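Descriptive analysis of the structure
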Amino acid sequence: MARVTAGVATSHVPAIGAALDNGRATEPYWKPLFAGYEFSKQWIARQKPDLVVLIYNDHASAFSLDIVPTFAIGCADSFQPADEGWGPRPVPVVQGYPEFAAHIAQSVIQQDFDLTIINRMDVDHGLTVPMSLMFGQPDRWPVRVIPLAVNVVLFPPPSGRRCFELGKAIRRAVGTFDADLNVQVWGTGGMSHQLHGPRAGFINKEWDNRWLDRLIEDPEEIARIPHIEYLREAGSEAVELVMWLIMRGALDARVRTAHRFYHVPASNTALGHVILENTT
Ligand code: DHB
Ligand code: FE
């Protein structure tokens, strides 16, 4: 059977993609940020996952205000990098896994989660920036990806509790797919994050780090945090962090922290990154 071996969480700031794509990763502003992923690139080269279930949010690239699914699973063969206004990023096409995605859709929907089935979509920085951070700049991505898009852009986003439970359902789905595959679940977005208005650029390092501590040690507790706390304590777009709870729900109650990194600034947000391993 397939098994979830580890979870990765990382911010997905679009300027990181632009820095890489334009050869600026060694500049003083960016160097310390990319240094936080050196371990990660070596770790993933050793882990060699067959599949990443990549939890991210679309930023009005694939979905417009016409249709806003709360949870949407990408069942296509492949996903093109989206044009977010400057042309598509020069990164490889993302290879999907239609049979496995269909299995997850069937299993998770029958566990009472409503997923929207997506048979064609482009993927934006929410998905491609984490791929670049973890894999660098290869000619082809070395892993298949099932994108799972979560609406955290338009009110109302799903609760942390629902996201945590969805992660558990995804783990059960993975564990019933009849193939010997090493699967990782990634959560992206966050951390402190206020992109507009008078509080633009608001950062709360203390809250972010306490949230990370609890993500690792006591996810049940942070699953109870209401949206308003994310907004108040870490900015309006910090609500992207509920996606990390899907990753965490797909792991054991107790996990091994392989890596943890926090860096400010990344554009006008805080960047967080953890790698958590299942031990069972
Ligand atoms: C920015 C956008 C994002 O989607 C994000 O998650 C972080 C930062 C930005 O525009 O700076
Ligand atoms: Fe975002």
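Here is a short report on the structure shown in this document. Everything numeric here is computed off the predicted structure, so don't read it as measured data.

Basis of the calculations
- Residues numbered from 1 in each chain as written.
- Chains lettered and ligands numbered in written order.
- Predicted model: local features only at pLDDT ≥ 70, side-chain atom pairs only at ≥ 80, totals over all residues.
- Heavy atoms only, no water.
- Near = heavy atom within 4 Å.
- Polar contact = N/O pair within 3.5 Å; in protein donor to acceptor, adjacent residues only side chain to side chain.
- Areas by Shrake-Rupley, 256 points an atom, 1.4 Å probe, with all protein chains shown as cover.
- Nonpolar A, V, L, I, M, F, W, Y, C, P; charged D, E, K, R; others polar.
- Donors = N, O, S within 2.8 Å, 3.2 Å for Na, K, Ca; no water.
- Helix = DSSP H or I, 4+ residues; strand = E, 2+ residues; numbered from the N terminus.
- Phe/Tyr/Trp six-rings, centres within 6.5 Å; stacked < 30°, edge-to-face > 60°.
- Buried < 20%, exposed > 50% of the residue type's maximum accessible area, 1.4 Å probe, protein only.
- Lys NZ or Arg CZ within 6 Å of the ring centre and 35° of its normal.

Close to ligand 1 lie H12, V13, P14, H59, H125, H193, L195, E240, S267, N268 and T269. Measuring from an oxygen atom of ligand 1, one finds a side-chain N or O atom of H125 at 2.8 Å. Note that an oxygen atom of ligand 1 is positioned 3.0 Å from one of the side-chain N or O atoms of H193. Burial of ligand 1 by the protein chains amounts to 85% of its free accessible area of 290 Å². Its residues assigned to classes, the shell around ligand 1 comprises three nonpolar, seven polar and one charged.

Quick look at the coordination of the iron ion (ligand 2) now. Perfect tetrahedral coordination of a metal by four donors corresponds to 109.5 degrees between them, and perfect octahedral coordination by six donors corresponds to 90 or 180 degrees. Here the iron ion (ligand 2) is held by the protein donor atoms H12 (NE2), H59 (NE2) and E240 (OE), which lie 2.1 to 2.2 Å from it. Written as a sequence motif, the donor arrangement for the iron ion (ligand 2) is H-x46-H-x180-E. With H12 in the loop between β1 (3–10) and α1 (14–21) and H59 in the loop between β2 (51–56) and β3 (71–74), this residue pair connects regions lying 47 residues apart in the sequence.

This paragraph deals with the packing of aromatic side chains. Within a pair of aromatic rings, the relevant descriptors are the distance that separates the centres and the angle that separates the planes. Per the stated rule, a full pass over the model turns up 11 aromatic pairs. Measuring from centroid to centroid gives 6.3 Å for W30 and F34, while their planes differ by 50°, and the two rings are tilted. With a relative accessible area of 10%, F34 lands in the buried category. Look at Y37 and F261: their rings are 6.1 Å apart centre to centre, the planes differ by 80°, and that puts the pair in the edge-to-face class. With Y37 in the loop between α2 (31–35) and α3 (38–47) and F261 in strand β9 (residues 256–266), the pair connects residues that are 224 residues apart, well separated along the chain. When sorted by exposure, Y37 lands in the same class as F261, which is buried. An aromatic cluster is defined as three or more aromatic residues linked by ring pairs; in this entry it consists of W207, W211, Y230 and W244. Against the face of Y97 rests R144, its NZ or CZ located 3.8 Å from the ring centre. The ring centre of F202 lies 4.5 Å from the NZ or CZ of R199, which sits over that ring.

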